[in-house]
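So the chains spell out like this:
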Amino acid sequence: MNAAVRAVVRTALTRHAEVFVIYEGYQGMIDGGEGIRQFQWDDVGAILGKGGTVIGTYRSKEFREREGRLKAARNLVDRGIDRLVVVGGDGSLTGLDTFRSEWPGLLDDLVRDGRLSAQQVADHPALMIAGLVGSIDNDLVGTDSTIGADSALHRIIEAIDAITSTAASHQRSFVVEVMGRHCGYLALMAAVAGGCDYVLIPEDPPQPGWEEDMCAQLRRGRQAGRRESIVIVAEGARDRDGKPITSSYVRDTIDRINHEDARVTILGHVQRGGRPSAFDRWASTWLGYEAAQQVINSDKDSPAMVLGMRGAAVVRLPLMDAVSATRRVPELIEARKYEDAMALRSAD
Ligand code: F6P
């Protein structure tokens, strides 16, 4: 995310915009004060290689309430801010869309209760926005890679390589649980890139009897000379009846059927930190550049867009269409319409 922040700031400065950075997500916008700081070129120096986000992030409950959005609107107008680039997940982007559509009404209310002058509001008739998706889950329908997903995948592969050496030494089986919420991207890619034996993902639950199939697969690997076995379990994995498949269940199954003493490693938040990959740095720089251009070139009639990577190109998608399609995937999985979920996720 830092690469995107850096690119937005520097691109906007080269377009002679005044640039403000909002700390702690929407909460900084509501709190104002030090939560909103004007940035110059050097303020984003030396952040490109840092993990996480140096400007912080926060799941603001207050922004979900109209009063929170009124405070946020007032703080923006006070500083002359009428263009926003937001990096976030589907919740942040939905909040952004709501904020934009409510903007004229929020400003009217602020004039009515004396928090803004009519002149201030007249100068800010619309809010121009652009969204970028920051999520390791890589679940935005219509794009191939969200900001952070590639770095998380690298982190997982490093962990799998490390586990592989100890597993091989002891001739052990390991069950490795990876994040991704409702999306199996990290699990599937990690299984392929890590040379693992079996993978369980939410979008393609295994057929009944999968436990025997998995254990037979592990046995075949050992018979072929492998000294270790690794099963990747996505945190959202489930069986065909919709019942969650936990990593401890997978371990117990291996122990029971293959008479082993398997181990579980839950990678957890290790996946969300550390230095960003080269891909994440260049793609996010490009996305930040395009997002800044997008909001600067927008006017009050421009549609709200989210920008993402498809292949090696930046694509622009109607914001709420992309968010709605992304939310539909877990609903389809919940309804056990797996083929529809897969088709939607692979849709352009
Ligand atoms: O959406 C990103 C993600 O890391 C998911 O993969 C995971 O399910 C979730 O966030 C964890 O959230 P938290 O940091 O609140 O535990």
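Higher on the page you've got the structure.
These numbers were taken from a predicted model, which means no experiment stands behind them.

Draft legend 1. Representation of the packing of aromatic side chains. The full count for this structure, using the stated rule, is seven aromatic pairs. These aromatic residues form a ring-pair network of at least three members: Tyr26, Phe63, Phe99 and Trp103. A cation over a ring is seen here: Arg37 above Tyr23, with NZ or CZ 3.8 Å from the ring centre.

Draft legend 2. Here's a closer look at the layout of surface pockets. Taken as a whole, the second largest pocket encloses approximately 380 Å³ of empty space. Counting only elements with at least two residues in the lining of the second largest pocket, the list comes to helix 7 (185–193) and helix 12 (338–345). Ranked by residues supplied to the lining of the second largest pocket, first place goes to helix 7 with three residues. When grouped by side-chain class, the residues that make up the lining of the second largest pocket number nine nonpolar, five polar and six charged.

Draft legend 3. Unusual backbone geometry, seen in detail. In this structure, His259 takes a positive phi of about 50° despite not being glycine. Tracing the backbone through its elements, the reader meets His259 in the loop between helix 9 (247–258) and strand 8 (263–266). By relative accessible area, His259 is classed as exposed at 68%. Even without being glycine, Arg336 reaches a positive phi, approximately 60°.

The rules behind the values
- Residues numbered from 1 in each chain as written.
- Predicted model: local features only at pLDDT ≥ 70, side-chain atom pairs only at ≥ 80, totals over all residues.
- Heavy atoms only, no water.
- Phe/Tyr/Trp six-rings, centres within 6.5 Å; stacked < 30°, edge-to-face > 60°.
- Lys NZ or Arg CZ within 6 Å of the ring centre and 35° of its normal.
- 1 Å grid on protein atoms, 1.4 Å probe; cavity = no way out; pocket = protein on both sides within 12 Å on 5 of 7 lines; lining within 4 Å.
- Points joined across faces, edges and corners; volume = space filled by probe spheres on them.
- Helix = DSSP H or I, 4+ residues; strand = E, 2+ residues; numbered from the N terminus.
- Nonpolar A, V, L, I, M, F, W, Y, C, P; charged D, E, K, R; others polar.
- Buried < 20%, exposed > 50% of the residue type's maximum accessible area, 1.4 Å probe, protein only.

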